[in-house]
Every structure is written in C-alpha cells, then in structure tokens.
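Chain and residue survey
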Amino acid sequence: VLDDNKKLCLNSGELIQLTSRMTMMFEVGDLAAASPATVSRCGMVYMEPDALGVAALTASWLASLPSSFKPAYLDLCRKLGAHLVPDAIKVVRSGSYEVVPTMDNWLAAS
C-alpha cells in the first residue's frame, strides 16, 4: 500500500519512505486488484498491449539513438524493424515454448 505521504507499506509490515526524487514504476497485467486510491496515488495508466503496437516501440528506440547516427541508417532501421520484428514474433509464437507467457510488445522490447 502506498499512502498519501509516499510511505510504502509492505506485507511484512516494513515501511519505506519515498523521497520527492523517487519514482516507482510497475508493469502489471491488469488492474483487477487495484483500488481507486492506488490508481490515483500512483498515477496508473492502463493500456491494452495491442493498442500500443510494435511500431511505437521501434519509434521510441530510434528516437533514443545518439544524434551522430546517420539519418539514412535511421530510415534503414525503421524499415528493417517494420519488416523483421513481426516475422520474428511469429517464429517465437509458432515454434517455441515460453516458460513465462509474454506479449508481443515485450518480445519486441527485449
């Protein structure tokens, strides 16, 4: 539980005081167990994984590359990502067993 004073109360009873410079990020499968207070305090936003798509992850990664990266290479990476990533995900889905189930976006990000 995270209270109004940014104290994180763990199941063990331990309290962790978060500073103003600390941020917590959680990735959850759904918000089935989240209370309205938890959502408002943590600023949770839930998006269906399929709504984001792999193209958004590719664009984010390309934007994070250093400015010294040549524009022609950026365009090539964009085209290769659009062409190869969906096919690679199909190969994983059709020919392998996942110990931990994943979403397509997680596979593309990793």
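Heads up: these notes are all about the structure in this document.

**Here we look at the overall build of the chain**
Assigned secondary structure in the chain consists of 4 helices and 2 strands. Its helices and strands in sequence order give the chain the pattern β-β-α-α-α-α, from N to C terminus. Counting every position in the chain, which comprises 110 residues, the buried fraction comes to 9%. Residue pairs in contact within the chain that sit at least 24 positions apart in sequence constitute 28% of those at least 6 positions apart. Carbon and sulfur atoms provide 62% of the accessible area of the chain, an area that totals close to 8,800 Å².

**So, the pattern of salt bridges**
Any two side chains of opposite charge can pair, given that their charged atoms come close. Applying the stated rule across the entire model yields 4 salt bridges. In this structure, Asp75 engages Arg78 in a salt bridge whose closest nitrogen and oxygen atoms are separated by 3.6 Å. In this pair, Asp75 and Arg78 both sit in helix α3 (residues 71–95), 3 residues apart, roughly one turn of the helix. Overall, the relative accessible area of 32% leaves Asp75 in the partly exposed class. Close ionic contact of Arg93 with Glu98 constitutes a salt bridge, the shortest N to O distance being 2.6 Å. Given a relative accessible area of 34%, Arg93 falls into the partly exposed group. The network of salt bridges with common partners includes Asp75, Arg78 and Lys79.

Definitions and limits used
Residues numbered from 1 in each chain as written. Predicted model: local features only at pLDDT ≥ 70, side-chain atom pairs only at ≥ 80, totals over all residues. Heavy atoms only, no water. Helix = DSSP H or I, 4+ residues; strand = E, 2+ residues; numbered from the N terminus. Buried < 20%, exposed > 50% of the residue type's maximum accessible area, 1.4 Å probe, protein only. Contact = heavy atoms within 4.5 Å. Areas by Shrake-Rupley, 256 points an atom, 1.4 Å probe, with all protein chains shown as cover. Salt bridge = Lys/Arg side-chain N within 4 Å of Asp/Glu carboxyl O.

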